[in-house]
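Residue-level structural notes
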Amino acid sequence: MALRTPVQRVQGPTGPRGPEGPAGRDGDGIEGATGPAGPTGPTGPAGATGPAGATGATGATGATGATGSTGSTGATGATGNTVSGSEFQLTITTTTTWTNFDLAAVCSGIKTGDIVALVLQANLTINSIVPPASAFWCWFGIRDLSGGDFTVTFKDKGTDASPGQVQQFRTPGATFASGDVGADHVMSSEEDWGSIGYTGTSQGWRILCKNSANRNGVSSAGGPGIPARFDLTHSPVGLWHFDGNLNDSSGNGFTLTGSPIYRQLFPQVKGLSSAIGSNIMTRPGADASLAITGDVTVEALVYFTTTPSGLATIATFTTVGATLATQNTLWLLGFNSSTQLRWLHQHGVNVNDQYLATDSQEFPYQFQACHLAVTRTSNVIQFYLNGLPWGSASAALTPASGGSASIIRVGSAGGFVSVFGLKIVASALSAGQIKDEYNRTMGVAFGLLA
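**Some remarks on the overall build of the chain**
Within the chain, the secondary structure is distributed over 3 helices and 24 strands. The proportion of buried residues among the 450 residues of the chain is 42%. Carbon and sulfur atoms make up 52% of the accessible area of the chain, which amounts to about 23800 Å² in all.

Printed below as a string of C-alpha cells:
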C-alpha cells in the first residue's frame, strides 16, 4: 500500500468582526451568604424622665433616746407613829390597881410613843392615868417572866366605837363606870394577841396602844415567823390545834379530855405544854374512825422545849397495859432518842412491829419548831421533817391488826416538845402532799419548799 503525504495547514488572517448577537438569558446564580454584622452604632441621646415611683414602706423604729434628767425630789411625807422609842420597865409584884396613876413620876422623861413594859408577877388593873402632856399616848406591853398567867385590865373610858379597845386614858378623877359604854380591855400574859410591835430580848411582848387593832383569838393564817394552823385538806379524821382547848376541828367531834397546860409559843399561837407529866390527853372511849390498820398519815406541829434524850410519844392509838388483841397499838409517832424517830404498831396479841429512823441531819435545836409527819403505805413507813424525807423508808412491816378497844393518847411523860397541831388522815399522803402540808403551816413562817 502506497503512503500518503500529510497536508500542512496554515492559519489565515483574522476576518472582520461579525454582527452582535442577541442578549443571553439571565443566569441561575445562587444567593450569596449574609455578610457579618456591622459595628455597633453610637449611643442615642438620654430619654425623658419617667413619672415618680410609689411611696416606700415606713422605716424601722429608731433607737431609744438617752435617759432624761432626774426629776426633782418629792415632798417629805408625814411623820408616822413611833413604834419603839424609849422603854420603861415596871414590875408588878402584887395585885395592884392604878387610879390617877402619875406615869411621869415613875417613868421620868417619858414622851409620846415610848414603851411601858409591864413585867407581870401579879394582876394589874388600870382605872386611870395622869398623862404627862396633852395628846399623850404610849405603848403598853406585857412580858411574862413568871410562867404564870396574869392579866392587865384597862378600864374603858367609854368613848370608843369598838368596845374592848382602849382609845384614850381614862379621865383623872373619874369614877369607875362613869360614862362607860364598852367592855374593859383585858390582856393576859398567856393570851393570843395580834402583835403591834416587839422589844426586849428573848421574850416576846404583847403590845397594846390607843387605836390599836388588837384582838383576842387565834389566827390560822400565820405570817413571817408565825406558823399557820393545819387546815382540812385531805379530809382528816381528827384535827386538834391545842389553842386553849382540846376540841377536834375535823368536824368528827373527837374532843380530848385531860388537864392540859398551854404555853404561848408564838404570837397568836398557843400549844399543849410539854410539862404534861403523866396526865395524857385522851378520849373517853374507843373511836372506830381512829382505829386505822391500813394506810395512814400522822402529822404534828411541835416546838422543842428541849432536845429529845429518850423515849417519848407525840401521839398514838393504843391501850396502856394491853393484854388482848383488841388493845393493840395501831399507830404511834414519837422519839426513840436524840437522833431517832419512832413508829410502832402491833399485830397478833401485842406483837410489836417497830421502825426507828435515823438521818444524817439533826433534829431542830431547843426552842425551835417544826413539822413532823409519818406515813404508812402498804405497811412501809416513811418519816418526814419539815416537808422532806427523814431517813429511808422501812421494809414492809407485818400489817397492824386488832385495836378495836384502844384509844388516842397525846403526849407522854417523856415530854421534850409542845404540840400545837395534830392531824390524822386515813390515807397515805405522797411526798409532794407532805411538802404541801409543810408549806401551808411551817412554810408560812420560815419559807416555802419548791
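**Thoughts on the nonpolar core**
By size, the foremost hydrophobic cluster in this structure holds 45 residues, and its most contacted members are Phe-242, Ile-314, Trp-331, Phe-383 and Leu-422. Of the residues forming this core, the biggest block, 5 residues, is contributed by strand 15 (residues 296-304). In contact with Ile-314, other than residues within four places in its own chain, are Ala-300, Val-302, Leu-333, Gly-334, Phe-335, Leu-372, Arg-409, Val-410, Gly-411, Val-417 and Val-419. Counting 19 residues, the second largest nonpolar core, distinct from the first, contains Trp-98, Leu-118, Leu-120 and Val-152.

**Remarks on the pairing of strand 21 (residues 380-385)**
Along any regular strand the residues' side chains alternate between the sheet's two faces. Buried residues dominate strand 21, accounting for 5 of its 6 residues. Bridge count between strand 20 (residues 369-377) and strand 21: 6 bridges; the pairing is antiparallel. Within strand 21, the position partnered with Val-374 by the bridge is Phe-383. Counted along the chain from strand 20 to the antiparallel partner strand 21, the turn is 2 residues long, and its residue Ser-378 has a positive phi close to 50°. Here 3 bridges tie strand 21 to strand 22 (residues 388-390), and the two strands are oriented antiparallel to one another. Paired with Tyr-384 across the two strands is Pro-389, which belongs to strand 22. As consecutive antiparallel partners, strand 21 and strand 22 are separated by 2 residues, and within that stretch Asn-386 has a phi angle of approximately 50°, a positive value.

**A look at the sheet that holds strand 17 (residues 331-335)**
Paired through backbone hydrogen bonds, the strands of a sheet run either parallel or antiparallel to each other. Read across the open sheet, the 6 strands follow the order 14-23-16-17-18-19; overall the sheet is antiparallel. Of all the strands in the sheet, just strand 14 (281-282) and strand 19 (351-358) have a single pairing partner and so form its edges. Summarising the sheet, strand 14 and strand 23 (residues 407-410) pair through 2 bridges and their orientation is antiparallel. Directly across from Thr-282, in strand 23, lies its bridge partner Arg-409.

**Observations concerning unusual backbone geometry**
A positive phi angle, near 50°, is found at Ser-235, a position not held by glycine. Of note, Ser-235 is situated in the loop between strand 10 (206-208) and strand 11 (238-240). A positive phi angle is found at Asn-350, which is not glycine, with a value near 60°. Tracing the sequence through the fold places Asn-350 in the loop between strand 18 (340-347) and strand 19.

**Comments concerning the pattern of salt bridges**
Enumeration over the complete set of coordinates arrives at 5 salt bridges. Overlapping salt bridges bring together Asp-231, Lys-423, Glu-437 and Arg-440 as one network.

**Considerations on the confidence of the model for the chain**
Per-residue pLDDT for the chain has a mean of 75; in total, 66% of the residues score no lower than 70. Ranking the elements of the chain by mean pLDDT puts strand 10 last with 45 and strand 21 first with 97. Low pLDDT, under 50, characterises residues 76-84; the predicted model gives this stretch 8 contacts beyond four residues in sequence or across chains. Predicted confidence is poor over residues 158-168, with pLDDT under 50, and the contacts of this stretch with residues over four places away or in other chains come to 25 contacts.

**With respect to the pairing of strand 19**
Pairing of strand 18 with strand 19, which is carried by 8 bridges, proceeds in the antiparallel orientation. Within strand 19, the residue paired with Leu-344 across the bridge is Gln-354. Between the end of strand 18 and the start of strand 19, which pair antiparallel, lie 3 residues, with Gly-348 showing a positive phi angle near 60°.

**A look at helix 2 (residues 431-440)**
Those residues of helix 2 that sit buried are Ile-434, Glu-437, Tyr-438 and Asn-439. Looking at the buried positions of helix 2, the neighbouring elements they touch are strand 15, strand 20, strand 21, strand 24 (417-425) and helix 3 (442-446).

**Notes on the environment of Ser-337**
Summarising the element assignment, Ser-337 is placed in the loop between strand 17 and strand 18. Here the alpha-carbon distance between Ser-337 and Leu-311, two residues 26 residues apart in the chain, equals 6.0 Å. Look past the residues within four positions of Ser-337 in its chain and what remains in contact with it is Pro-308, Gly-310 and Phe-363. In terms of polar contacts, Ser-337 uses its side chain to reach the backbone amide nitrogen of Gln-340, at 3.4 Å.

**Considerations on the packing of aromatic side chains**
A full pass over the atoms with the stated rule returns 4 aromatic pairs. Judged by centre distance (6.0 Å) and plane angle (65°), the ring pair of Phe-304 and Phe-335 falls under edge-to-face. Of this pair, Phe-304 sits in strand 15 while Phe-335 is found in strand 17, placing the two residues 31 residues apart along the sequence. The two residues Phe-304 and Phe-335 agree in class, both being buried.

**Points about the environment of Asp-359**
Counting through the fold element by element, Asp-359 comes out in the loop between strand 19 and strand 20. When near neighbours in sequence (up to four residues on either side) are disregarded, Asp-359 contacts Thr-339, Pro-389, Trp-390 and Gly-391. Looking at Asp-359, its side chain comes within polar contact range of the main-chain nitrogen of Gly-391, at 2.7 Å.

Criteria and thresholds
Residues numbered from 1 in each chain as written. Predicted model: local features only at pLDDT ≥ 70, side-chain atom pairs only at ≥ 80, totals over all residues. Heavy atoms only, no water. Helix = DSSP H or I, 4+ residues; strand = E, 2+ residues; numbered from the N terminus. Buried < 20%, exposed > 50% of the residue type's maximum accessible area, 1.4 Å probe, protein only. Areas by Shrake-Rupley, 256 points an atom, 1.4 Å probe, with all protein chains shown as cover. Core = buried A, V, L, I, M, F, W, Y, C linked by side-chain atoms within 4.5 Å. Contact = heavy atoms within 4.5 Å. Pairing = 2+ DSSP bridges. Salt bridge = Lys/Arg side-chain N within 4 Å of Asp/Glu carboxyl O. pLDDT = per-residue confidence, 0-100. Polar contact = N/O pair within 3.5 Å; in protein donor to acceptor, adjacent residues only side chain to side chain. Phe/Tyr/Trp six-rings, centres within 6.5 Å; stacked < 30°, edge-to-face > 60°.

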